[in-house]
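This is what each chain is made of:
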Protein chains: 2
Amino acid sequence: MCGYYRYKVTISYDGTNYGGWQKQPNTNSIQEEIECVLSKMLKEDVIITASGRTDAKVHALGQVFHFDSNKQLEENNWKKALNSLLPRDIRVQSVKAVHQDFHARFDAVEKRYDYLITDDVDNPFVENYMAKDTKQLDVAYMQECANVFIGTYDFTSFTSNKIDPRKPRVKTISKLEVVKEGRNIRMIFVGTGFLRYMVRMISQTLIEAGKQRLTKEEIKDMLDSKDKHACRHKAPPQGLYLVHVRYKDDK
Amino acid sequence: MCGYYRYKVTISYDGTNYGGWQKQPNTNSIQEEIECVLSKMLKEDVIITASGRTDAKVHALGQVFHFDSNKQLEENNWKKALNSLLPRDIRVQSVKAVHQDFHARFDAVEKRYDYLITDDVDNPFVENYMAKDTKQLDVAYMQECANVFIGTYDFTSFTSNKIDPRKPRVKTISKLEVVKEGRNIRMIFVGTGFLRYMVRMISQTLIEAGKQRLTKEEIKDMLDSKDKHACRHKAPPQGLYLVHVRYKDDK
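Because the structure is predicted, anything quoted here is derived from the model rather than measured. (Residues numbered from 1 in each chain as written. Chains lettered and ligands numbered in written order. Predicted model: local features only at pLDDT ≥ 70, side-chain atom pairs only at ≥ 80, totals over all residues. Heavy atoms only, no water.)

Here we come to the relation of the copies chain A and chain B. The relation between the two copies of this chain is a rotation about an axis and a shift parallel to it. The two copies are related by a screw operation: chain A maps onto chain B through 180 degrees of rotation and 0.0 Å of translation along the axis, at an RMSD of 0.0 Å. A rotation of that kind, with that shift, is consistent with a two-fold axis. Among all C-alpha atoms of chain A, that of Phe125(A) lies closest to the rotation axis, at 5.6 Å. Interface residue correspondence from chain A to chain B reaches 100%, placing this contact among same-surface, isologous pairings. (Least-squares fit on C-alpha atoms with pLDDT ≥ 70 in both. Contact = heavy atoms within 4.5 Å.)

Below, the structure written as C-alpha cells:
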C-alpha cells in the first residue's frame, strides 16, 4: 500500500456482551464490531491490530489499536463518526494519526490492569463489573503476598496450560498494589506485558491468601516451580479491566 | 385463607434487561421472575404486591413487595434461598414477617426516587445506568426551578396523558434536590407518591432549564395549567432509581 496513513485509536468497552476482543466464529467480538464499522465508513476492508486480546466479559478503559487507510482523517470528527456508528458499549476515546512504523502490540512498553472484587454480594449493579466474595479478606497479607510477584520472573505457573510452549513466559511486574476502597478491593497490576489468564490467576491466588487459604511461602513455591499445573486458581473475567497501555513515545 | 403469614420483602434490581416491574404478555418482568421463584419454593401459586410499578429499564435499590404463604419462613434463610434462585440482577435485601394487615402499596407513606445524568458521554459503563448529555447544566438554576415543584399540587401536566382521568393527581413533593457529583448530576425526589412518568418528566424539564431552554416562570405555568399536553419532556428510563419506600411504622 503506498501513501497510506496509520491511525492509533484508544477505546473503552464494557465487555459483558462480547465473546472477547478477538474475531472468532460463533461469537461476537469487539474486534469484529470495530472492523465492521471502519470498513463501512472507509468503503474498504479494514483490519485492526490491538495492543493485545482481552477475554470474554473482560472490560477495557484504555485499549489501543491501530489501522491503516488511504484516506486522511480529521481526528476529532473521526472520533464522533465512529461513536455514532459503534454499539453503545464500545466508545472511542481518541483517534490520532501516527507514524507508519507505530505498532499497537510491538510498541507497547507497559500495561496496567486492575482487578476488582467486592463483598457487597447483594448488589445487583456490580454483577458484570466485579468479582463477588462474602469473605472478609486480609488486605495487608494480600499485599505481602503480592510483593512476591514484583520483579522479572518466568510466569509459567500463572498462565493457561494450553499456551504455546515456544512463547516466552518471562515478564516483569513493576507494581502490584492491593487497595481497599470501601467494600471493594482493587488490585493494580503494572508490567511490561501479561500472559493469558495471568492477571486473573494471580488475582485469585491473592484472594485465596486473603482468606488464609494460601501462605506467602506456598505462593513463592508456585511461582518458582514454573509448573503449568501449579496454580488452579482463576478469578472470574468480569472483575478485570485493561486500564492503560503505555507506548515508548508517550509522556 | 386461614392461618396464613404475610411477608414484606425489600429488593434491588438492575432493570436493564426487563420490560418493567409488572407482569405482562410478550415481555419479561421482575414481578414474573419473583413470582415464579416463590411459587416453585413454596409449591403453591404466589401473587406478589409491590409498592408500585417501575417502567422498563428503570432500576430499584429498595423496592418493596408483600406476599402471603401458609408456611412459616425463617427470614434470613429465605433471603439466601431466594437469592440462590433469582436471576443475578434481582437481589433480595431482606425478608420480614409482618402483620396480616400490612400492604406494600397502601401503607407506603413516602418514596424516594433519584434521577442521574452525566456529561461523561464517552463512558461505556454508564450506558444503562444514567442519562447522558454533553451540555453543561446550570445546577443552581435547576435547583431554583426544582423548588417550584415542592409542595402539594395537581401534577396532571407531569404525567402520562393516557392516565385514567378518575385517578387522583394531587401529590406532595417534600424534597427535590439537585446535586452535582463529579461529572454527574443527581436529582433527589422525596414525596408521598408519584404518578406514572412524573419523575422522568420533571427531571427532563429541569434538564431543559439547566440548558437555558426553559425558565422558572414557564415551568410554573406548565404546573399551574394542569394540562396533560403541557409538558413534552421525558428523561430516559435508565437514569431512574426507586431508592426507598417508607412505611408508617418505620423508624
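So, on to helix 2 (residues 75–85) of chain B. Residue and element names in this part refer to chain B. Within helix 2, the full set of buried residues consists of Trp78, Lys79, Leu82 and Asn83. Mapping the buried residues of helix 2 onto a view down its axis gives an arc of 130 degrees, with all of them on the same face. Opposite the packed face of helix 2, turned more than 90 degrees from it, sit the exposed residues Lys80 and Ser84. Against the buried residues of helix 2 lie helix 1 (30–42) and strand 4 (90–98). (Buried < 20%, exposed > 50% of the residue type's maximum accessible area, 1.4 Å probe, protein only. Helix = DSSP H or I, 4+ residues; strand = E, 2+ residues; numbered from the N terminus. Arc of directions from axis to C-beta.)

A word on the packing of helix 3 (residues 139–146) of chain B against helix 4 (residues 198–210) of chain B. Describing two packed helices takes the angle between their axes plus the distance from one axis to the other. Residues and elements named next belong to chain B. Where helix 3 contacts helix 4, the axes come no closer than 8 Å and their chain directions differ by 135 degrees. The orientation of helix 3 relative to helix 4 falls into the category oblique. For helix 3 against helix 4, the interelement crossing comes out right-handed. Contacts from Tyr141, Met142, Cys145 and Ala146 in helix 3 reach Leu206, Ile207, Ala209 and Gly210 in helix 4. Classifying every residue of the contact of helix 3 with helix 4 gives seven nonpolar, one polar and no charged. (Axes fitted to C-alpha atoms, helices over the stretch in contact; angles between N-to-C directions. Parallel < 35°, antiparallel > 145°, perpendicular 65-115°, else oblique. Left-handed = near helix turned anticlockwise from the far one by under 90°. Nonpolar A, V, L, I, M, F, W, Y, C, P; charged D, E, K, R; others polar.)

All names here are of chain A. Structurally, aspartate 107 can be placed in the loop between strand 4 (90–98) and strand 5 (108–118). Put simply, aspartate 107 and valine 92 are 15 residues apart on the chain and 20 Å apart in space, counted from C-alpha to C-alpha. In this view, aspartate 107 contacts Asp101, Phe102, Arg246, Tyr247 and Lys248; residues no more than four positions away in its chain are not counted.

Further remarks concern the interface of chain A and chain B. Taken together, the 23 residues of chain A in the interface contact 23 residues of chain B. Taken together, the two surfaces of chain A and chain B that pack against each other cover about 1,500 Å², and 58% of this comes from carbon and sulfur. Counting the contacts that link chain A with chain B gives four salt bridges. Salt-bridge contacts for Glu127(B) lead to Arg88(A); the nearest nitrogen and oxygen are separated by 3.2 Å. The tally of links from chain A across to chain B stands at eight residue pairs in polar contact (both at pLDDT 80 or more). Within the residue set of the side of chain A that touches chain B, elements represented by two or more residues are strand 1 (5–13), strand 3 (59–69), helix 2 (75–85) and strand 4 of chain A. The dominant element in the side of chain A that touches chain B, judged by the number of residues it contributes, is strand 4 of chain A, at four residues. The class makeup of the residues in the side of chain A that touches chain B is ten nonpolar, five polar and eight charged. (Buried area = accessible area lost by both parts, 1.4 Å probe. Salt bridge = Lys/Arg side-chain N within 4 Å of Asp/Glu carboxyl O. Polar contact = N/O pair within 3.5 Å; in protein donor to acceptor, adjacent residues only side chain to side chain.)

Before going further, it helps to spend a moment on helix 4 of chain B. It helps to recall that an α-helix has 3.6 residues per turn; residues three or four apart then point in one direction. Residue and element names in this part refer to chain B. Relative to the 18 Å expected for 13 residues at 1.5 Å per residue, helix 4 spans 18 Å between its end C-alpha atoms, a close match to the ideal helical length. For helix 4, the buried fraction is high: 13 of the 13 residues fall into the buried class. Downstream of helix 4 by one or two residues, glutamine 212 has phi in the positive range, about 60 degrees. (Expected span 1.5 Å × (residues − 1).)

Before going further, it helps to examine unusual backbone geometry. All names here are of chain A. A positive phi angle, near 70 degrees, is found at asparagine 26, a position not held by glycine. Summarising the element assignment, asparagine 26 is placed in the loop between strand 1 and helix 1 (30–42). Relative accessible area serves as the criterion here: at 84%, asparagine 26 is assigned to the exposed category. Of note, lysine 57 is a non-glycine position whose phi angle comes to about 75 degrees, a positive value.

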